[in-house]
Amino acid sequence: MNEFMEEWLPIFGEAVVQTFQMVIISHFFAVLIGIPLAILLILTRPGQSLENKWVYQILNLIINVIRSVPFIILLFFILPFTKLLVGVTIGVKGVIVPLVINAAPYIARLIESALLEVDNGVIEAYKAMGIKTRQIIWNVMLREARPAIILGLTIATVSLIGATAMAGLVGAGGLGDLAYRFGHLRYEVDVMYVTVIILIIIVQGIQSIGNRLAARLKKD
C-alpha cells in the first residue's frame, strides 16, 4: 500500500487538478453562454414579451441537435474547429471547446426549466406595476428560481465530470486519461479502482454542496 501511494500519489494529484481545471473552466464559459440562451428561450416563446416564433424554433432546434450528439462523437467531430480556435486538440486546453459546446445547451435547458417554474402570477403582478422586462428577468425570475438553478448547475457539473473522463480518450489528461492509459491499456487494476473511488468522492461532494446551497436559498 505504501509503495502504491508513493508511486501513484503525485500522478493522481496531477490528474485531479487537471480534471478540476477542465470542469471549472468549461463550466464557467458554458454558464456564460447557457444563461443568456435560457433567457432568450423564455422571452421569445409564445405569449412572452419578445415572442418570436422563428428565433424560438431555431434556438430549440440548435439546442436539441447538440444535445442529441453523444459527447465522445462531438469530441472527434469538432476536432478541426477546436484546432482552429485554440491551436491544439489534446490536453486540458484542447478539450475545453468541446466541453463548452456540449454543456452550454444542457445548462440552457436546465435554467429554462427552472425559470418556467416561477409562479406566473408573480410575474404578471410586476408587469402590471410597469416593471421592465429586463428587471423582471434579473430581479424576479432569476431570484425566485435560484434553488432550481443551483440544482441544475450541480447536475451539469456532475455531467461535465463524466465528460472529462471520456475526454481522456484523446489525451485530455485528468482522471479519465489516467484510468484509460494505465487502468485499461496497461491492466493496472488498482489504478482503475482508485480512479473510480476518487470520482465517486468528487461527485458526492459536489452534489452534497449543491443540495445544501439550494436548500439554504429556498429558506431565504
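Definitions and limits used
Residues numbered from 1 in each chain as written. Predicted model: local features only at pLDDT ≥ 70, side-chain atom pairs only at ≥ 80, totals over all residues. Heavy atoms only, no water. Patch = residues over 30% accessible without salt bridge, like charges linked within 9 Å, V, L, I, M, F, W, Y side chains within 5 Å. Areas by Shrake-Rupley, 256 points an atom, 1.4 Å probe, with all protein chains shown as cover. Salt bridge = Lys/Arg side-chain N within 4 Å of Asp/Glu carboxyl O. Buried < 20%, exposed > 50% of the residue type's maximum accessible area, 1.4 Å probe, protein only. Axes fitted to C-alpha atoms, helices over the stretch in contact; angles between N-to-C directions. Helix = DSSP H or I, 4+ residues; strand = E, 2+ residues; numbered from the N terminus. Left-handed = near helix turned anticlockwise from the far one by under 90°. Contact = heavy atoms within 4.5 Å. Nonpolar A, V, L, I, M, F, W, Y, C, P; charged D, E, K, R; others polar. Polar contact = N/O pair within 3.5 Å; in protein donor to acceptor, adjacent residues only side chain to side chain. Expected span 1.5 Å × (residues − 1). Bend = angle between axes of the 7 residues up to and from the residue. pLDDT = per-residue confidence, 0-100. Core = buried A, V, L, I, M, F, W, Y, C linked by side-chain atoms within 4.5 Å.

(A) Broad picture of a nonpolar patch on the surface. Residues I25, F28, F29, L32 and I33 make up a contiguous nonpolar surface patch of about 460 Å² in total accessible area. Its relative accessible area of 35% is what places I25 among the partly exposed residues.

(B) Focus on the packing of helix α6 (residues 120-128) against helix α7 (residues 133-144). For the pair α6 and α7, interaxial distance at closest approach is 11 Å and the crossing angle is 145 degrees. Viewed along their axes, α6 and α7 form a crossing whose handedness is right-handed. Contacts between α6 and α7 pair V122, I123, Y126 and K127 from the former with I136, V140 and M141 from the latter. Partitioning the contact of α6 with α7 into residue classes produces six nonpolar, no polar and one charged.

(C) Structural context of the side chain of R109. By secondary structure assignment, the location of R109 is in helix α5 (residues 91-116). The class of R109 is buried, set by a relative accessible area of 15%. At 2.8 Å, the side chain of R109 forms a polar contact with the side chain of N60. Once residues lying within four places of it in the same chain are set aside, the contact partners of R109 are L41, N60, I63, N64 and R67.

(D) Here's a closer look at the pattern of salt bridges. What the rule picks out here adds up to two salt bridges. Notably, a salt bridge pairs E112 with R45, separated by 3.0 Å at the nearest N-O pair. Of this pair, E112 sits in helix α5 while R45 is found in the loop between α1 (2-44) and α2 (53-68), placing the two residues 67 residues apart along the sequence. Between E112 and R109 there is a salt bridge, and its shortest N-O distance comes to 2.8 Å. Separated by three residues within a single helix, E112 and R109 lie in helix α5, roughly one turn from each other. Accessibility classification places E112 together with R109 in one group, the buried group.

(E) Looking closely at α5. Over its 26 residues, α5 runs 38 Å from end to end, which matches the ideal 38 Å to within 8%, given 1.5 Å per residue. Along its length, α5 shows its largest kink, about 30 degrees, at V97, and proline P98 lies within four residues downstream of that point. Burial analysis of α5 places 19 of its 26 residues in the buried class, which makes it a mostly covered element.

(F) Seen up close, the confidence of the model for the chain. Confidence along the chain averages 85 in pLDDT terms, with 95% of residues attaining 70 or more. When pLDDT is averaged over each element of the chain, α2 comes out on top at 91 and α6 at the bottom at 75.

(G) Local environment of the environment of I136. By the element assignment, I136 lies in helix α7. Between the C-alpha atoms of I136 and A172, which are 36 residues apart in sequence, the distance is 41 Å. Contact partners of I136, with chain neighbours within four places excluded, come to I123, Y126, K127, I131 and M141.

(H) The arrangement of the environment of Y193 in detail. For Y193, the position within the fold is in helix α10 (residues 189-219). Judged by relative accessible area, Y193 falls into the exposed class, the value being 55%. Residues Y193 and A179, 14 residues apart in the sequence, show an inter-C-alpha distance of 8.7 Å.

(I) Structural context of the nonpolar core. Formed by 36 residues in total, the largest nonpolar core has its most connected members in F71, V95, L99, I107, L115 and M141. At the level of secondary structure, the elements contributing two or more residues to this core comprise α1, α3 (71-77), α5, α7 and α8 (146-167). When residues of this core are assigned to their parent elements, the largest contribution, eleven residues, is made by α5.

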